[in-house]
Amino acid sequence: MIPGPIEVSPEVQAAHQGPPPGHLAPNLVEAFGSSLASMRQIWRARPEDQPFLVAGSGTLAMDMAAANLVQSGDRVLVVGTGYFSQRMAKIFGRYGADVARVDAIPGQAVTLDEIEQALEREQPRVVSITHVDTSTGVRMNAQAVAEKAKRVGALTVVDGVCSTGAEALSMADGTVDVHLTASQKALGLPAGLAFFVASPRAMEARASLSLDPPMYLDFRVWQPIMRAYEDREKAYFATPPTNLVMASQVGLKQIEEDAFNGLRGIEGRVARHQRVASAMDAAWSALGLTHVCDRPQDRGSTLSALRYPKGVGPELVGAIGKEGVTVAGGLHPQMKDAYFRVGHMGWVTMHPPLLERTVRSVAHGLAASGWPVDIEGAVTAFKDRLN
Ligand code: PMP
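None of these values were measured; they are calculated from a predicted model.

Chemist: What is the right way to look at the overall build of the protein in this model?
Modeler: Counting secondary structure elements, the protein contains 13 helices and 12 strands. For the protein, the C-alpha atoms occupy an extent of roughly 60 × 55 × 35 Å along the three principal directions. Buried positions account for 59% of the 387 residues belonging to the protein. Sequence separation of at least 24 residues holds for 71% of the intrachain contacts in the protein that already meet a minimum separation of 6. Surface summary for the protein: the accessible area is close to 14800 Å², and the carbon and sulfur share equals 51%. Positive and negative charge centroids in the protein, built from 37 and 40 side chains respectively, lie 2 Å apart.

Here it is in structure tokens:
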């Protein structure tokens, strides 16, 4: 129950464990093409947008976004909501960008007013935003930020590593230019694949660079490969992790075929994650826990970042582990010993007994650490909110 890598479905696991296909094998070509087609649905991409699937982690997708959108001296505005926004700022800096930041206090979101003022002040070429920052649990309204950025002619990069597949974000209105993620979180796959969709404006930005980016990072090198696979044709530039692509075909289809509360596909998934986050929150309240992010409307649905209660510290993570459930410690450098994190995304959101077991394990861990808890009260609060 860490915020990634997460548990994957048995079907995804089976697809991953099959015999390794060659990169030109018909089943691999089909799995690759089908994964790109599913991405179009999950990202709500337009026909002119380009999905990419490249071996690497989320950080590779971040590097690729920066390498293709900026060159020396370009102004970039990074909206800072935690550890991963800081990483993005550093990455843009490495490609020579002149990086300005508008940062929130850890645990808070940056307001749209602050962003509007920063856009006015900085006149950036690119705005970068972390949709849900895994270090704080803070969610930004990425769509609204992208709309504002577009109005001043800036490109928007959204880091969706802790949100894509679980939070609402659409490329259909042409405001978001690169929406990136990695396989090991809400897409419900093993680690090792970077996923992103680039808009035509992002592709034009790449075309206008005066120097080519490193070959493996180059949108233009990969684009013909992605187009070929989507047309179910063989293609080769660099060998893909073929078992992961087989798993990806299955996992992404499971998102497309999800249904929750009358909603289908990604909309159903988003609603399911909201319901689960709310039920987990009911349990945390019953246990006397509070979130790093105070304002409920600024919290992502994919994880809970919870402050240790008085008298309890990082040893709680080990105490919960003894109950058989793995949760994560804090990550934000300014406060990492003050809180812990519980992921609730992907496959587990369809399996309430696993979520209940998590609530019980956290409760037992708290009790073992000396914090008084009403375990059954927390479980009841969880179940009442879930149903
Ligand atoms: N951004 C966010 C929001 C993340 O949560 C992570 C990983 N936890 C990353 C970027 C980096 O991804 P990766 O570890 O796959 O390189």
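Chemist: Would you take a moment to explain the environment of Val152 for this structure?
Modeler: You can see Val152 is positioned in the loop between helix 6 (142-151) and strand 5 (155-159). Among the residues examined, Val152 registers a relative accessible area of 35% and is labelled partly exposed. Counting along the chain gives 33 residues from Val152 to Leu119, while the straight-line C-alpha distance between them is 7.4 Å.

Chemist: How should the packing of aromatic side chains be read in this particular structure?
Modeler: Any pair of aromatic rings gets described here by the distance separating the centres and the angle formed by the planes. What the rule picks out here adds up to 9 aromatic pairs. Seen in terms of ring centroids, Phe32 and Tyr229 are 3.9 Å apart; in terms of plane orientation they differ by 5°. Their pairing is stacked. Here the residue Phe32 occupies a position in helix 2 (residues 26-43), and Tyr229 occupies one in helix 8 (residues 219-230), the gap between them amounting to 197 residues. Accessibility assignment for this pair places Phe32 and Tyr229 in one class, buried. A ring pair is formed by Phe52 and Phe196, whose centres lie 4.7 Å apart and whose planes are at 15°; its orientation type is stacked. With Phe52 in strand 1 (residues 50-55) and Phe196 in strand 7 (residues 193-198), this pair connects stretches of sequence that are 144 residues apart.

Rules and cut-offs
Throughout, residues of each chain are indexed from 1 in the direction in which the sequence is written. Note on the predicted model: pLDDT of at least 70 is required for a residue's local features to be given, and 80 or more for side-chain atom pairs to be given and counted; whole-chain, interface and lining totals, by contrast, use all residues. Heavy atoms throughout the structure, all of them, feed into the side-chain values; hydrogens and water do not. Strands here mean DSSP runs of E at least two residues long; helices mean DSSP runs of H or I at least four residues long; both are numbered from the N terminus. For every residue, the accessible area obtained with a 1.4 Å probe (protein chains only) is divided by the maximum for its type, and the residue is called buried under 20%, exposed over 50%, and partly exposed between those limits. Residue contacts follow a heavy-atom distance rule, with two residues in contact if any of their heavy atoms lie within 4.5 Å. Using the Shrake-Rupley algorithm and a 1.4 Å probe, accessible areas are obtained, with residue cover drawn only from the displayed protein chains. Counted charges follow a simple rule, with Lys and Arg positive, Asp and Glu negative, and His plus the chain ends left uncounted. Charged side chains are reduced to one point each, which is NZ for Lys, CZ for Arg, CG for Asp and CD for Glu. Aromatic contacts are taken between Phe, Tyr and Trp rings whose centres are within 6.5 Å, Trp giving its six-membered ring; a plane angle under 30 degrees counts as stacked, one over 60 as edge-to-face, and the others as tilted.

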